[in-house]
Amino acid sequence: NAGVTQTPKFQVLKTGQSMTLQCAQDMNHNSMYWYRQDPGMGLRLIYYSASEGTTDKGEVPNGYNVSRLNKREFSLRLESAAPSQTSVYFCASNRLDQSPLHFGNGTRLTVT
Amino acid sequence: GQQLNQSPQSMFIQEGEDVSMNCTSSSIFNTWLWYKQDPGEGPVLLIALYKAGELTSNGRLTAQFGITRKDSFLNISASIPSDVGIYFCAGQLWSAGGTSYGKLTFGQGTILTVHP
């Protein structure tokens, strides 16, 4: 009954460091997404993958890259972290377009 | 881009009271969703609304998709301590034959505190 699993749960980086956030879902969903959550701004879409083998930019893609490794896994990479990327990152998935999203529990990233 | 205004930003209520929150948009949506987020966790779907005018209940929760397709409200009746959390509305728009792929527009959230 895992649903959407994100790792790590917490991470502290120094400016300029790189890291990859991992996400996996066990619901056989076709589409996966990365959002960031900042105080007072709700959630904003960074990148999404409509289906295995495809990725597209969302609302705030700058400074990020993604990889849809297989149907289950969708990773988010920060090549050179900046303090503006301090945020809580959520991965989500859904079975079909227009069906409700299921979210993971988030990765809390601090960039100093 | 589309803007969602969610209100109130926060609420402090006594256990047993009813709660009402709403979202308004500058443009229409095909779907309205209400999520709840507990501390340290991701948003969890409470109610999904797919049709203008639709009124849907889930236990003590009731939500409506506004007839103009530009607004939605969520009511919680007889609040209990475990209702504490952040409530988000989200709107989704797609056109016939098109896709929206997770392009949800989220409200800023309503922080609910319930005093026993």
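The following paragraphs examine the structure supplied in this document. Along every chain, residues carry numbers that run from 1 in the direction the sequence is written. For naming, the first written chain is A and the first written ligand is 1, with later ones following in the order written. pLDDT decides what is reported in this predicted model: residues at 70 or higher carry local features, side-chain atom pairs at 80 or more are listed and counted, and totals for whole chains, interfaces and linings draw on all residues regardless. Computation of side-chain values: all heavy atoms of the structure, hydrogens and water removed.

### Some details on the packing of aromatic side chains
Heads up, the rule is: Two aromatic rings, drawn from Phe, Tyr or Trp (for Trp, its six-membered ring), form a pair once their centres lie within 6.5 Å of each other, and the interplanar angle then sorts them: stacked below 30 degrees, edge-to-face above 60, tilted otherwise. Numbered from the N terminus, helices here are DSSP runs of H or I no shorter than four residues, and strands are runs of E no shorter than two. Each residue's exposure class comes from its accessible area (1.4 Å probe, protein chains only) as a fraction of the maximum for that residue type: buried when under 20%, exposed when over 50%, partly exposed otherwise.
What the rule picks out here adds up to 10 aromatic pairs over all chains. Both rings, one in Phe90 of chain A and one in Phe103 of chain A, keep their centres 6.4 Å apart while their planes meet at 85 degrees; by these two values the pair is edge-to-face. Placement of Phe90 of chain A in strand β9 (residues 87-94) and of Phe103 of chain A in strand β10 (residues 102-103) is noted, with a sequence separation of 13 residues between them. One exposure class covers both Phe90 of chain A and Phe103 of chain A, and it is buried. On the numbers, 6.3 Å between centres and 85 degrees between planes, the contact of Phe88 of chain B with Phe106 of chain B is edge-to-face. With Phe88 of chain B in strand β9 (residues 85-92) and Phe106 of chain B in strand β10 (residues 105-106), this pair connects stretches of sequence that are 18 residues apart. Both residues of the pair, Phe88 of chain B and Phe106 of chain B, belong to the buried class. Aromatic rings pair up to connect Tyr35, Phe90 and Phe103 of chain A together with Tyr35, Phe88 and Phe106 of chain B into one cluster.

### A word on the nonpolar core
Here is the rule: The term nonpolar core refers to a set of buried residues drawn from Ala, Val, Leu, Ile, Met, Phe, Trp, Tyr and Cys, joined through side-chain atoms within 4.5 Å. Residue contacts are counted whenever heavy atoms from the two residues lie within 4.5 Å of one another.
In terms of nonpolar packing, the biggest core is built from 21 residues, with Trp32, Trp34, Leu74 and Leu112 of chain B touching the most fellow members. Elements that contribute at least two residues to this core include exactly β2 (10-14), β3 (19-25), β4 (31-37), β5 (44-49), β7 (61-65), β8 (71-76), β9 and β11 (110-115) of chain B. Leaving out residues up to four positions away in the same chain, Leu112 of chain B has contacts with Met11, Ile13, Val19, Ile76, Asp83, Val84, Gly85 and Tyr87 of chain B. The next biggest cluster of nonpolar side chains, apart from the first, holds 19 residues, and it includes Tyr47, Phe74, Tyr89 and Leu109 of chain A.

### With respect to the sheet that holds strand β7 (residues 65-68) of chain A
Residue and element names in this part refer to chain A. Heads up, the condition is: When DSSP finds at least two bridges between two strands, those strands are taken to pair. Lines are fitted to the C-alpha atoms to define the axes, a helix being fitted only along its stretch in contact, and any angle between axes, read from their N-to-C directions, falls within 0 to 180 degrees.
Spatial ordering of the open sheet is given by β1-β3-β8-β7, a layout of four strands whose pairing is antiparallel. Edge strands, defined here as strands with exactly one partner in the open sheet, are β1 (4-7) and β7. Between one strand axis and the next, the sheet turns by 15 degrees as a mean value, whatever way the strands run.

### So, the environment of Gly63 of chain A
Residues and elements named next belong to chain A. Take Gly63: it is sitting in the loop between β6 (56-57) and β7. Put simply, Gly63 and Arg77 are 14 residues apart on the chain and 8.6 Å apart in space, counted from C-alpha to C-alpha. When sequence neighbours within four positions are dropped, the list of residues in contact with Gly63 reads Arg77, Leu78, Glu79 and Gln85.

### Points about the state of the cysteines
Residue and element names in this part refer to chain A. The line we're drawing: Two cysteine sulfur atoms make up a disulfide if the distance between them is within 2.5 Å.
Tallied over the full model, the rule gives two disulfides over all chains. Linked covalently through their sulfurs, Cys23 and Cys91 form a disulfide whose S-S length is 1.9 Å. One quick way to see it: the torsion about the S-S bond of Cys23 and Cys91 is about -75 degrees, and its sign makes the bridge left-handed. Of this pair, Cys23 sits in strand β3 (residues 19-25) while Cys91 sits in strand β9; the two residues are 68 residues apart in sequence, bridging distant segments of the chain. Assessed through its relative accessible area of 0%, Cys91 is described here as buried.

### Some remarks on unusual backbone geometry
Following Thr7 of chain A, the chain continues into Pro8 of chain A via a peptide bond in cis, with omega recorded as -10 degrees. Following the sequence through the fold, Pro8 of chain A ends up in the loop between β1 and β2 (10-13). Residue Ser7 of chain B is joined to Pro8 of chain B through a cis peptide bond whose omega torsion reads -5 degrees. Among the structural elements, Pro8 of chain B can be located in the loop between β1 (4-7) and β2. The backbone of Arg69 of chain B shows a phi angle near 70 degrees, a positive value even though the residue is not glycine. Position of Arg69 of chain B among the secondary structure elements: in the loop between β7 and β8.

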